[in-house]
Amino acid sequence: MAEPTSPKQKRRRRSSMSKPPSLSSSSVSLTKELQCSVCLDVFSDPVSTPCGHNFCRSCLKQCWDNSHIYSCPMCKKTFRKRPDLKINTTLRQVVLLYKEKISVRRSEVLCDICDERKLKALKSCLVCQASYCETHLEPHHRVPNFKKHKLMDPVENIKDYICQKHERPLEFFCRDDQTCVCVFCTDGDHKTHNTVPLEEMSKEKKTQLKKTQTDVQQMIQERIKKIQDIKHSAQLRKRSTDEEKAASVEVFSSLIRSIERCQTELMEMMDEQQKAAEKQDEDLMKDLEQEITELKRRDSELEQLSHTDHHLHLLQIDSSLYTPPQTKNWSEISMKTDVSVETLRRALTQLQETLQDKLTQTVLRRMQQFAVDVILDPDTANPTLILSEDGKQVRHGDIRHKLPYNPERFEPCICVLGKEGFSSGRFYFEVQVKGKTEWTLGVARESINRKGGITLTPQNGLWTVVLRGGKNYKAFADRSVSLSLRVRPQKVGVFVDYEEGLVCFYDVENRSLIYSFTGQTFTEKLFPYFSPDLNDKGKNSAPLIIVNSQFCKVNVTPETKK
């Protein structure tokens, strides 16, 4: 099996060829033991094959992903099925300790005074510009002049901490020029500048870095959450698309079945009419044949009588023989050569109505799949409205309740909203309007006017259908639209497709469309809107009742009011 040679692995191979000079022979040996034979680098998430060899998990995965044969890259032992590899936690811990040790060794600063075996430096002196181990640092603790030197934690690039102009330690920071300076600089070019000790500036920088780090971490979390939101949205979109596909297949399959059934019924009706016409023809021909037989018999009698010479006999025969027999007026009977055009027209009209009803029923069933559980929001209810404890019913009372002021409450309009609003997706709810003479139903945008009169139009944030006077149904689009309904709805379904700008109203029991608002543009959350209208001295006392559809389930993410 060919070993992978990605750019990353090439870099690893090149870097692995140069061993750190400070490593002992035992460390070099350990490095070899902890080296992956594929990438030639120290193990990363090591895994062990059933044959006992160790590799980086990513390296082994790449080897096996590029081949149909699962074999060990080292001993070439082949496995019948791809092994389920787990990380070797013990080996991983050894690798982590080794890497930590190597990192510490590489970052060590060595004493500048030691001759043969250099020891680790304990401090660096900015005055001497050298680093000292514990032994060679001793004079800086003992000799008075050395005690005045500026010591710091050991660094390799000590010249970076020395003023190049005055050969003095950089002990201050100039805020004006944003640069490090020495004590001589503060008395010279930077005398009038705002300078502070390096320690103070370092604390400020650390505070800034910590804040920046916090901001960066927050940005990371925000982006991680955004990725999660995108993934979740993609899952919802895929699920919605799959549901749409299934629903579309069901709709067209149902229509095809209806068309086939209606076609069969039409063919059967035409066959029945054909059979009826054939029977009628048979009956007519039978009557004609009977009349022909009778006429032939009469013709034969008349033929005989016309040749007789018995005058007395001619005078004594039945007088009916002197006149033609009574028969049907066949000139008034027309023969049908095809099925009645009117019959076909009625059949096709019936087929069209059946298909339209079937389509409406199928669409309604599809919309009911997006049913949500709507609860009335008492904080928005007009003070004259009475809500049930479960938040499912609302009616107009005769008494105005004393309620605290609430900017969300409708006054004086007699209406109430649902608790939850929707800013995306589709949702559907059903309301029983049985026994009412007046009502208003629909959806309203969040910013609708709560204090004052409301005009029921989309421009004012309302998409509604109303009943007035017990029989007048209207929709309020750009203008009032009178609706002609075959029957009075007892239960009204309201469907909203936010992205498509669609609001539909359905007669649930009759399964027919009442009205549709199309081509709308929604930019705010939409809330279910209810108005039972005035009690009218008990004539309109029945409540509006929110009915939980048998399909009720939340398929969109509702947004509770803030």
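Residues numbered from 1 in each chain as written. Predicted model: local features only at pLDDT ≥ 70, side-chain atom pairs only at ≥ 80, totals over all residues. Heavy atoms only, no water.

### A few points about the overall build of the protein chain
Part 1 of the argument: A count of helical and extended segments in the protein chain gives 10 helices and 25 strands.
Part 2 of the argument: Residue burial in the protein chain is summarised as follows: out of 562 residues, 33% are buried.
Part 3 of the argument: Put simply, the protein chain shows about 35,800 Å² of open surface, and 52% of that area lies on carbon and sulfur atoms. (Helix = DSSP H or I, 4+ residues; strand = E, 2+ residues; numbered from the N terminus. Buried < 20%, exposed > 50% of the residue type's maximum accessible area, 1.4 Å probe, protein only. Areas by Shrake-Rupley, 256 points an atom, 1.4 Å probe, with all protein chains shown as cover.)

### Some points on the packing of aromatic side chains
Part 1 of the argument: Taken as a whole, this structure holds 11 aromatic pairs when the rule is applied.
Part 2 of the argument: With a centroid separation of 6.0 Å and 65° between ring planes, the pair formed by W64 and Y70 is classed as edge-to-face.
Part 3 of the argument: In this structure W64 comes out as buried when scored by relative accessible area, which is 2%.
Part 4 of the argument: Between W463 and F522 the ring centres are 5.1 Å apart and the planes differ by 85°, which places this aromatic pair in the edge-to-face class. Residue W463 is located in strand β17 (residues 462-468), and its partner F522 is located in the loop between β22 (512-517) and β23 (526-531); the two are separated by 59 residues in the primary sequence. (Phe/Tyr/Trp six-rings, centres within 6.5 Å; stacked < 30°, edge-to-face > 60°.)

### Side note on the side chain of N382
Part 1 of the argument: Tracing the chain through its elements places N382 in the loop between α10 (341-368) and β11 (385-387).
Part 2 of the argument: The exposure class of N382 is buried, given its relative accessible area of 3%.
Part 3 of the argument: In terms of polar contacts, N382 uses its side chain to reach the backbone carbonyl oxygen of F410, at 3.2 Å.
Part 4 of the argument: Beyond its immediate stretch of four places on either side in the chain, N382 contacts R409, F410, E411, P412, C413, I414 and C415. (Polar contact = N/O pair within 3.5 Å; in protein donor to acceptor, adjacent residues only side chain to side chain. Contact = heavy atoms within 4.5 Å.)

### A short note on unusual backbone geometry
Peptide bonds are trans in most cases, and residues, glycine excluded, mostly fall at negative phi.
Part 1 of the argument: Note that the residue after E411, namely P412, is joined by a cis bond; omega there is 10°.
Part 2 of the argument: Tracing the backbone through its elements, the reader meets P412 in the loop between β12 (393-396) and β13 (416-417).
Part 3 of the argument: Positive phi, close to 50°, is recorded for D45, a residue that is not glycine.
Part 4 of the argument: A relative accessible area of 28% means that D45 is categorised as partly exposed.
Part 5 of the argument: A positive phi angle is found at K76, which is not glycine, with a value near 65°.
Part 6 of the argument: Along the chain, K76 falls in the loop between β3 (70-71) and β4 (78-79).
Part 7 of the argument: A residue is classified by how much of its surface remains accessible, and K76, at 42% relative accessible area, is partly exposed.

### Describing the pattern of salt bridges
Part 1 of the argument: One pass over the structure, following the stated rule, counts 21 salt bridges.
Part 2 of the argument: Among the ionic pairs, E204 bridges to R175, the shortest N-O distance being 2.6 Å. Of this pair, E204 sits in helix α8 (residues 198-306) while R175 sits in the loop between β8 (172-174) and β9 (179-181), placing them 29 residues apart in sequence.
Part 3 of the argument: Residue R175 is classed as partly exposed on the basis of its relative accessible area of 25%.
Part 4 of the argument: The shortest N-O distance in the salt bridge between D242 and K238 comes to 3.1 Å. Taken together, the residues D242 and K238, both in helix α8 and four residues apart, mark about one turn of the helix.
Part 5 of the argument: On the basis of relative accessibility, which here comes to 37%, the residue D242 falls in the partly exposed class.
Part 6 of the argument: For K238, a relative accessible area of 54% corresponds to the exposed category.
Part 7 of the argument: One network of salt bridges, in which partners are shared, links K61, D65 and R82. (Salt bridge = Lys/Arg side-chain N within 4 Å of Asp/Glu carboxyl O.)

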